[in-house]
Amino acid sequence: MAAATHGARRHLGLAVDNQEPEPPTAVTLPAPRRPPKRRGLGPGFQGIRTAH
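Small disclaimer: the values here were computed from a predicted structure and weren't measured. (Residues numbered from 1 in each chain as written. Predicted model: local features only at pLDDT ≥ 70, side-chain atom pairs only at ≥ 80, totals over all residues. Heavy atoms only, no water.)

Moving on: the overall build of the protein chain. Along the protein chain, the regular secondary structure elements total one helix and zero strands. Counting only residues that meet the buried cut, the protein chain has 2% of its 52 residues in that class. Entry remark: accessible area of the protein chain is about 6000 Å², with carbon and sulfur atoms responsible for 58%. (Helix = DSSP H or I, 4+ residues; strand = E, 2+ residues; numbered from the N terminus. Buried < 20%, exposed > 50% of the residue type's maximum accessible area, 1.4 Å probe, protein only. Areas by Shrake-Rupley, 256 points an atom, 1.4 Å probe, with all protein chains shown as cover.)

Residues Leu41, Phe45 and Ile48 make up a contiguous nonpolar surface patch of about 390 Å² in total accessible area. Within the secondary structure, Leu41 is located in the segment after α1 (2-12). (Patch = residues over 30% accessible without salt bridge, like charges linked within 9 Å, V, L, I, M, F, W, Y side chains within 5 Å. Salt bridge = Lys/Arg side-chain N within 4 Å of Asp/Glu carboxyl O.)

Shown next as structure tokens:
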């Protein structure tokens, strides 16, 4: 249990056994996802038929 706690605290950058915390590292965010380009329905699309 102590080893897991020690590893987790070290991974999170928290002080371990009265040591100073590690300086924060630069976090790189992934590039924002763009929505896919829209595609039309084609020249033969006649619309949606409904019963009226």
